Amino acid sequence: MFYYVLKYVLLGPLLRLLFRPRIEGLEHIPADGAAIVAGNHLSFSDHFLMPAIIRRRITFLAKAEYFTGPGVKGRLTASFFRGVGQIPVDRSGKEAGQAAIREGLGVLGKGELLGIYPEGTRSHDGRLYKGKVGVAVMAIRARVPVVPCAMVGTFEIQPPGQKIPNIRRVTIRFGEPLDFSRYAGLENQKAAVRAVTDEIMYAILGLSDQEYVDHYAADVKAEEARLAPAKRFPRLRR
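Residues numbered from 1 in each chain as written. Predicted model: local features only at pLDDT ≥ 70, side-chain atom pairs only at ≥ 80, totals over all residues. Heavy atoms only, no water.

Student: When you look at the sheet that holds strand β7 (residues 146–152) in this model, what are you seeing that I'm missing?
Tutor: Pairing in this open sheet of seven strands is mixed, and the strands run β1-β8-β7-β2-β5-β3-β4 from one edge to the other. Among the strands making up the open sheet, the edge pair consists of β1 (22–24) and β4 (87–89). Ignoring strand direction, the axes of neighbouring strands in this sheet form an average angle of 25°. In this structure, strand β3 (residues 58–63) lies alongside strand β5 (residues 113–116), joined through three bridges in parallel fashion. Directly across from Thr59, in β5, lies its bridge partner Leu114. Sheet contacts for helix α2 (residues 46–53): β1, β2 (35–39), β3, β7 and β8 (171–174); angle to β8, the most-contacted strand, approximately 60°. (Pairing = 2+ DSSP bridges. Helix = DSSP H or I, 4+ residues; strand = E, 2+ residues; numbered from the N terminus. Axes fitted to C-alpha atoms, helices over the stretch in contact; angles between N-to-C directions. Contact = heavy atoms within 4.5 Å.)

Student: Whenever I open this one, the packing of aromatic side chains confuses me. Can you help?
Tutor: Aromatic ring pairs: the centre-centre distance and the angle between the two ring planes describe each pair. Applying the stated criterion to the full structure yields four aromatic pairs. Centre to centre, the rings of Tyr4 and Tyr8 are 6.3 Å apart; their planes meet at 5°, and the pair counts as stacked. Of this pair, Tyr4 and Tyr8 both sit in helix α1 (residues 2–19), four residues apart, which is roughly one turn of that helix. A residue is classified by how much of its surface remains accessible, and Tyr4, at 37% relative accessible area, is partly exposed. (Phe/Tyr/Trp six-rings, centres within 6.5 Å; stacked < 30°, edge-to-face > 60°. Buried < 20%, exposed > 50% of the residue type's maximum accessible area, 1.4 Å probe, protein only.)

Student: Would you mind going over the side chain of Gln86 with me for this structure?
Tutor: Looking at the secondary structure, you find Gln86 in the loop between α3 (71–83) and β4. Separated by 3.3 Å, the side chain of Gln86 and the backbone nitrogen of Phe60 make a polar contact. Setting aside residues up to four positions removed in sequence, Gln86 forms contacts with Ile58, Thr59, Phe60, Ala62, Phe67 and Phe81. (Polar contact = N/O pair within 3.5 Å; in protein donor to acceptor, adjacent residues only side chain to side chain.)

Student: Please clarify how the nonpolar core should be interpreted in this entry.
Tutor: Soluble globular proteins: nonpolar side chains tend toward being buried together. Membership of the largest hydrophobic core comes to 31 residues, with the highest contact counts inside it found for Ile36, Val146, Phe180 and Ile200. Mapped onto this core, the elements with two or more residues apiece are β2, β4, α4 (96–109), β5, α5 (134–142) and α7 (190–208). Looking at this core element by element, the count peaks at seven residues for α7. In this view, Phe180 contacts Ala139, Val146, Val196, Glu199 and Ile200; residues no more than four positions away in its chain are not counted. (Core = buried A, V, L, I, M, F, W, Y, C linked by side-chain atoms within 4.5 Å.)

Student: How should the pairing of β7 be read in this particular structure?
Tutor: Burial of β7 is extensive: six of the seven residues sit out of reach of the surface. Pairing of β2 with β7, which is carried by four bridges, proceeds in the parallel orientation. Paired with Ile36 across the two strands is Val146, which belongs to β7.

Student: Looking at this model, I keep getting lost on the pattern of salt bridges. Mind explaining?
Tutor: A complete count under the given rule lists seven salt bridges for this structure. In this structure, Asp198 engages Arg194 in a salt bridge whose closest nitrogen and oxygen atoms are separated by 3.1 Å. With a gap of four residues between them, Asp198 and Arg194 both fall in helix α7, about one helical turn apart. Glu223 is the salt-bridge partner of Arg226, the closest N and O atoms lying 2.6 Å from each other. Of this pair, Arg226 and Glu223 both sit in helix α8 (residues 217–232), three residues apart, which is roughly one turn of the helix. Among the ionic contacts, a cluster of salt bridges with common partners joins Asp125, Arg127 and Glu211. (Salt bridge = Lys/Arg side-chain N within 4 Å of Asp/Glu carboxyl O.)

Student: Before we go on, may I ask you to explain the pairing of β8 in this structure?
Tutor: Along any regular strand the residues' side chains alternate between the sheet's two faces. Both β1 and β8 contribute to a ladder of three bridges, which runs parallel. Pairing of Arg22 across the sheet is with Thr171, part of β8.

Right, dumping it as structure tokens:
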């Protein structure tokens, strides 16, 4: 109930008024049945803008940190994300990927829409990064179509670290559903899931027109963080 109150009464109308999203290809979202909507991830605002314009309910796998914050603010944040149907996933440890896949398959098994960001984290610089293969495993195992989605302009309205978004128009594009039935039974084959994931990312790239980086976003962030002190405090020449 809370999901639909937010979508149609409280948050949804406000987001449409402020950001006036241009919506392209909405007809590609299946009217019923299970499907995955796989998108780029540029901003915290993505969590709200995409669900606000999709007619059906969509469930995202959200990082567990949104549900474990301390104090009153943490409890309110957790209640909000649970209320809008988001599922917490612990992204740490060896079992994190398998846990996310199990949760996602549970959503698809009920014939619902599952939203996922294959990059695994927000882009810190506006570029599109290599996708993780969990989306491919779920698509093949559940035998569901994947609808590519591109959020355009959300990086500019709320880049990393900015709490209050800028007010400007954004575009949300959906591509034609991708059918991976030819890979049935191959969800445990590394070459197959990599090929499916790359095809999904290529479709997102075609919609978003971002620069593509053939590395995982988390690895690039970690490397840049490691090098940051050296850049800030270069060694003095003798």
